[in-house]
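The primary structure of each chain is shown beneath.
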Amino acid sequence: MNKRMKLIKRVIKLSAVALIAVTFSASLFADAAEAQIAVKGETVYTMNGDAITNGVVLIKDGKIERVGRENRVRIPSDYEVYEAKVVTPGMIDARSVVGLAGYYNQDHDQDQLETSSAVQPELRASDSYNAREFLVEYLREQGVTTIQTGHGPGAVISGQMMIVKPIGTNVDQALVQDATMLSMTLGSGVRSNFSSPGTRSKAVSVLRQELIKAQDYAAQRAEGETNGTDLKSEVLADLIDGEITALVQAQTAQDINTALRIQREFGFPMILEGAAEAYLLIDEIKEASIPVIIHPTMARPGGDMKNVSFETAARLQEAGIPVAFQSGYEGYVPKTRVVRYEAGIAAANGLGMENALYALTVGAAEILGIDDRVGSLERGKDADIAMFDGDPFEYLTNVEGVIINGEVVYKPE
């Protein structure tokens, strides 16, 4: 009996210690969540009006509390203060495969394209995303605070995209929005991964057939005649019903034109990505009101991208077509680009600094449908901020700090 009582007392004591430890850890996380920060910048680009000289951004509980000139904003004494030459909203990579395609370029970290079938809309990026992947951390340290990532191009339909922030140790902590878009490809890139379809016309016929089936399924679903267990049909029906957007990679003018025709035929929401020869179809893209997530500006010319141009972003923007930048997918280590550098080249080739920054921030947020949360420095939005020691688009400029959800996630020594 005495031994039993001693055992019970020991269990109670250990439980109490564990409870204290959990409580202490919870308090640490609570302190982090309630961090109060002031960011001072010689120039603050809010992307919600003119840049502010000698500006201040106040952050409280993960959100932006106030933005204004230093002489008009009182910084409370208990706020931690950071200073930088240039302050911007956190940058947005509108199309990536980071977290699915890894740094080591080995089979174990390459989940961006499943080649068992050319049509797999049921695949979810959130089931493959590795929040601990080194490239995620790398992009965060470059001032990228929001990423749309997922299945890569190279299949007629390769799978679903998602939007994450480069934080946390698992997908749930990083996730902003799941199943945002459906990755599709038109062009010669499909035939390099699959024996069938082997031609453009075959690929389009396969896609059209799937969309016709989806129309029928969507009608049956509306009548309550489906049970929701056919994952492939459910996703394609969501596309037909406008609940998910097609992200269509089409590089050549002929493939862009095909994408526009298919979109008109079935009426689903669509965003073009890549669009290397978009400058040949500016009127058609504008008439269709289709945004473009432009190819990486410095992409190597060749194949369907042989006619890439540094000036494409500027020409689309001048025509009033919404544009965002992407890191895309590269078939070599480290398998990611930095959108800040891609935008910098576009800025120097007709786009201009502020237009490039717009496309990297609030412009990208608008295209992705998350501008109520990110993209500009406004009261109530997520406190995602990048700090620089100079012009963000100058190659020698350094990132001095990155804040995501009001927490300092990068500060160089």
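Residues numbered from 1 in each chain as written. Predicted model: local features only at pLDDT ≥ 70, side-chain atom pairs only at ≥ 80, totals over all residues. Heavy atoms only, no water.

(A) Examining the nonpolar core more closely. By size, the foremost hydrophobic cluster in this structure holds 87 residues, and its most contacted members are Tyr129, Ile256, Met270, Leu272, Ile285 and Phe325. Element by element, the count of residues in this core is highest for helix H4 (residues 200-222), at seven residues. Residues contacting Ile285, with those up to four places away along its chain left out, are Ile256, Leu260, Leu272, Ala278, Ile290, Val292 and Ile321. Val57, Ile59, Ala84 and Ile403 belong to the second largest nonpolar core, which has 16 residues in total. (Core = buried A, V, L, I, M, F, W, Y, C linked by side-chain atoms within 4.5 Å. Buried < 20%, exposed > 50% of the residue type's maximum accessible area, 1.4 Å probe, protein only. Helix = DSSP H or I, 4+ residues; strand = E, 2+ residues; numbered from the N terminus. Contact = heavy atoms within 4.5 Å.)

(B) A look at the layout of surface pockets. Roughly 750 Å³ of volume is contained in the largest pocket. Around the largest pocket sit 35 residues that line it, and Pro153, Gln249, Met305, Tyr329 and Gly331 are the ones nearest its centre. For the lining of the largest pocket, a count of residues per class yields seven nonpolar, 20 polar and eight charged. (1 Å grid on protein atoms, 1.4 Å probe; cavity = no way out; pocket = protein on both sides within 12 Å on 5 of 7 lines; lining within 4 Å. Points joined across faces, edges and corners; volume = space filled by probe spheres on them. Nonpolar A, V, L, I, M, F, W, Y, C, P; charged D, E, K, R; others polar.)

(C) Main features of the pattern of salt bridges. Evaluation of the coordinates by the stated rule reveals 16 salt bridges. For the salt bridge of Asp238 with Arg221, the shortest nitrogen-to-oxygen distance reads 3.0 Å. Of this pair, Asp238 sits in helix H5 (residues 231-240) while Arg221 sits in helix H4, placing them 17 residues apart in sequence. Salt-bridge contacts for Lys381 lead to Glu378; the nearest nitrogen and oxygen are separated by 3.2 Å. For Lys381, a relative accessible area of 9% puts it in the buried group. On the basis of relative accessible area, Glu378 is assigned to the partly exposed category, the value being 25%. Taken together, the shared-partner salt bridges in this structure form one network comprising Lys63, Lys165, Arg373, Asp382 and Asp384. (Salt bridge = Lys/Arg side-chain N within 4 Å of Asp/Glu carboxyl O.)

(D) Just helix H6 (residues 253-266), in detail. Between the first and last C-alpha of H6 there are 20 Å, a value that for 14 residues agrees with the 20 Å anticipated at 1.5 Å per step. Among all positions of H6, only Ala253, Asp255, Ile256, Thr258, Ala259, Leu260, Ile262, Gln263 and Phe266 are buried. If you follow the buried residues of H6, they end up packed against strand S9 (181-186), H4, H5, strand S10 (245-250), strand S11 (270-274) and helix H7 (282-288). (Expected span 1.5 Å × (residues − 1).)

(E) Here's a closer look at the environment of Leu377. Mapped onto the secondary structure, Leu377 falls in the loop between helix H11 (362-368) and strand S14 (385-388). Residue Leu377 is classed as buried on the basis of its relative accessible area of 3%. On a C-alpha basis, the gap between Leu377 and Thr361 in space is 9.9 Å, while along the polypeptide they are 16 residues apart. If sequence neighbours within four positions are ignored, Leu377 has contacts with Val44, Tyr45, Thr46, Val57, Ile64, Val67, Val87, Thr88, Pro89, Asp384 and Ile385.

(F) Representation of the packing of helix H9 (residues 339-351) against helix H10 (residues 353-360) in the model. Viewed as axis vectors pointing N to C, H9 and H10 meet at an angle of 145 degrees, and their least axial separation amounts to 8 Å. The crossing of H9 and H10 is right-handed. Between H9 and H10, the residues in contact are Val339, Arg340, Ala343, Ala347 and Leu351 and Met353, Asn355, Ala356 and Leu360, respectively. Classifying every residue of the contact of H9 with H10 gives seven nonpolar, one polar and one charged. (Axes fitted to C-alpha atoms, helices over the stretch in contact; angles between N-to-C directions. Left-handed = near helix turned anticlockwise from the far one by under 90°.)

(G) Spotlight on the packing of aromatic side chains. All chains considered together, the criterion is met by four aromatic pairs. With centroids separated by 4.9 Å and ring planes inclined at 65 degrees, the aromatic side chains of Tyr103 and Phe134 adopt a geometry described as edge-to-face. Here Tyr103 is found in the loop between strand S5 (91-96) and helix H2 (134-141), whereas its partner Phe134 is found in helix H2, with 31 residues between them in sequence. Assessed through its relative accessible area of 41%, Phe134 is described here as partly exposed. Relative to Tyr395, the ring of Tyr341 has its centre 5.4 Å away and its plane inclined at 45 degrees; by these criteria the two rings are tilted. One end of the pair, Tyr341, is in helix H9; the other, Tyr395, is in the loop between S14 and strand S15 (399-404), with 54 residues separating them in the sequence. Of the residues examined, Tyr341 reaches a relative accessible area of 24% and is grouped as partly exposed. Given the relative accessible area of 64%, Tyr395 is considered exposed. Put simply, the rings of Tyr103, Tyr104, Phe134 and Tyr138 pair up and form one aromatic cluster. (Phe/Tyr/Trp six-rings, centres within 6.5 Å; stacked < 30°, edge-to-face > 60°.)

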